[in-house]
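If you want the building blocks of each chain, they are given just below.
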Amino acid sequence: MENHTIISNNKRNYGIDLLRLVLMYMVCVLHTLGQGGILNASEGGSIGYKTFWLIEIMAYCAVDGFALISGYMATGKPRRFEKLADMWFQAFFYSFIVTGFLTLMGVNEYFSKAEMIQCALPVTYGKFWYFTAFFALFFAIPILDKFVFSINECIAKKALLIAVFLYSILGIVMDPFKSRAGYSALWLMVLYVVGALAKKIRLFETRKAVSLIITWMVCILITWMVQVWWNGILTNYISPTILLSGLIMVILFSRIHLKGTVISKLSPLAFGIYLFQLNQVIWKNVIGGAFTFVVEKNIVVGVIYVLCLAAIIFMSGLLVEFIRNAVAKWIRIPRLCNAIVKLAHTCLEKTAVLLK
């Protein structure tokens, strides 16, 4: 969920900034329905069950959307490793500091030494699956960019079709390349390439917005029908219908021309909202099974509850991240990140000499 919204002509794309916030709200909806227990508590075949699953599927493309944005907005320029280091400290805060604080506040019963070590190393122990996968993607981006920005449009079209067939269409049936339903670094790399190739070949550039919206709705409807009346094989991140839904959202929002500094300031906080709700204590003790009461409400009221609860999670995470970001700048975390990257670069250069 990288903060990368600068287009090739160095003008900021505020439409993508807005999309980042929309996608994060959709992630909050997913967690409200899933981890919150609403989907499991809904009686199969009931109106509530069908309605909540429709909302779930409408929001499902959000996770794919973030990685697609990274590829779609790629410029081929070298990535700053200082940014990755800063994201690591961000993950450390939500994994270790927040867990420790909530334990002292009594929200978490026990914080063992083993848990402390694991929380202090969020990438190593996969505390946030998306960040761990993105960490691997970050180091692969220079290689992926070499491929994407060196091929012609004809090869790019073929590569896009092959990537979608092998990892999405074939993936939902057999998963021969172990993309783990999308919970993997491999899938994020595929999404990055798909996004970059889609931009390179100007995919759907001549399609009107209405046409794209209808296509998006058809993808949602097909996925929902398969979920409700069959086996739900399309309800996962590698699903071609979910992938296309996410890609269409990226294309549509990239066309939006906005002016405003508020969105550009809020957009970089989106990743913190994700880390906030995925903190192990908040995930299990606060969100876990907390919203099952919603299924007892009238369906209209229930939907309103879902949207409002997701908004509460979103705003809570936004507030915490805003404070964390301010404190991080105050204690000069960005400067520390620069020093760490310089040290790592020096060590790698000296070590590389041994490979001669």
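What you see is a predicted model; the values in this text were computed from it and never measured. (Residues numbered from 1 in each chain as written. Predicted model: local features only at pLDDT ≥ 70, side-chain atom pairs only at ≥ 80, totals over all residues. Heavy atoms only, no water.)

A. Geometry of the packing of aromatic side chains. Counting across every chain of the model gives 24 aromatic pairs. Each ring, one from Trp88 and one from Phe89, has its centre 5.3 Å from the other, and the planes form 90°; the classification is edge-to-face. Judged by relative accessible area, which is 24%, Trp88 ranks as partly exposed. Ring centres of Trp224 and Trp229 lie 5.2 Å apart, and the angle between their planes is 80°; this geometry places the pair in the edge-to-face category. Take Trp224: its relative accessible area is 15%, and that puts it in the buried class. The ring of Tyr72 is capped by Lys199, whose NZ or CZ atom sits 5.0 Å from the centre of that ring. (Phe/Tyr/Trp six-rings, centres within 6.5 Å; stacked < 30°, edge-to-face > 60°. Buried < 20%, exposed > 50% of the residue type's maximum accessible area, 1.4 Å probe, protein only. Lys NZ or Arg CZ within 6 Å of the ring centre and 35° of its normal.)

B. Seen up close, the nonpolar core. By size, the foremost hydrophobic cluster in this structure holds 103 residues, and its most contacted members are Phe131 and Phe134. If near-sequence neighbours (up to four positions away) are discounted, Phe131 is found in contact with Leu84, Met87, Trp88, Ala91, Val123, Phe271 and Tyr274. Counting residues in hydrophobic clusters, the runner-up holds six residues, among them Ala85, Ile333, Cys337 and Val341. (Core = buried A, V, L, I, M, F, W, Y, C linked by side-chain atoms within 4.5 Å. Contact = heavy atoms within 4.5 Å.)

C. How the structure looks around helix α3 (residues 47-59). Spanning 13 residues, α3 covers 19 Å between terminal C-alpha atoms, matching the ideal 18 Å at 1.5 Å per step. Listing the buried residues of α3 in full gives Gly48, Tyr49, Phe52, Trp53, Ile55, Glu56, Ile57 and Ala59. Considering only its buried residues, α3 is in contact with α1 (14-33), α2 (38-41), α4 (62-72), α10 (209-229), α11 (240-254) and α15 (299-330). (Helix = DSSP H or I, 4+ residues; strand = E, 2+ residues; numbered from the N terminus. Expected span 1.5 Å × (residues − 1).)

D. Examining unusual backbone geometry more closely. The phi dihedral of Phe204 falls on the positive side, at around 60°, and the residue is not glycine. In this fold, Phe204 is placed in the loop between α9 (185-200) and α10. The phi torsion at Arg332 lies on the positive side, around 65°, for a residue other than glycine. Along the polypeptide, Arg332 turns up in the loop between α15 and α16 (333-352).

E. Expanded view of the pattern of salt bridges. Taken as a whole and judged by the stated rule, the model has four salt bridges. Residues Glu153 and Lys157 are paired through a salt bridge, measuring 3.8 Å at the closest nitrogen-oxygen approach. Residue Glu153 and its partner Lys157 are located together in helix α8 (residues 153-173), separated by four residues, close to a single helical turn. Of the charged contacts in the structure, one is a salt bridge between Glu205 and Arg202, with a shortest N-O distance of 3.9 Å. If you follow the salt bridges from partner to partner, you end up with Glu153, Lys157, Arg202 and Glu205 in one network. (Salt bridge = Lys/Arg side-chain N within 4 Å of Asp/Glu carboxyl O.)

F. A look at the environment of Leu188. You can see Leu188 is positioned in helix α9. On a C-alpha basis, the gap between Leu188 and Arg255 in space is 24 Å, while along the polypeptide they are 67 residues apart. Among all residues touching Leu188, those that are not within four sequence positions of it are Ala67, Trp129, Tyr130, Ala133, Phe134, Leu137 and Gly182.

G. Main features of the confidence of the model for the protein. Predicted confidence across the protein gives a mean pLDDT of 94, with 97% of residues reaching 70 or more. Looking over the protein, one finds the lowest element-wise mean pLDDT in helix α12 (residues 261-266), namely 87, and the highest in α3, namely 98. Predicted confidence for residues 4-9 stays below pLDDT 50, and this span has 21 contacts to residues more than four positions away or in other chains. (pLDDT = per-residue confidence, 0-100.)

H. Examining the side chain of Ser184 more closely. Along the chain, Ser184 falls in the loop between α8 and α9. By relative accessible area, which is 6% here, Ser184 ends up buried. Once residues within four sequence positions are removed from consideration, Ser184 is found in contact with Trp129, Ala133, Lys178 and Ser179.

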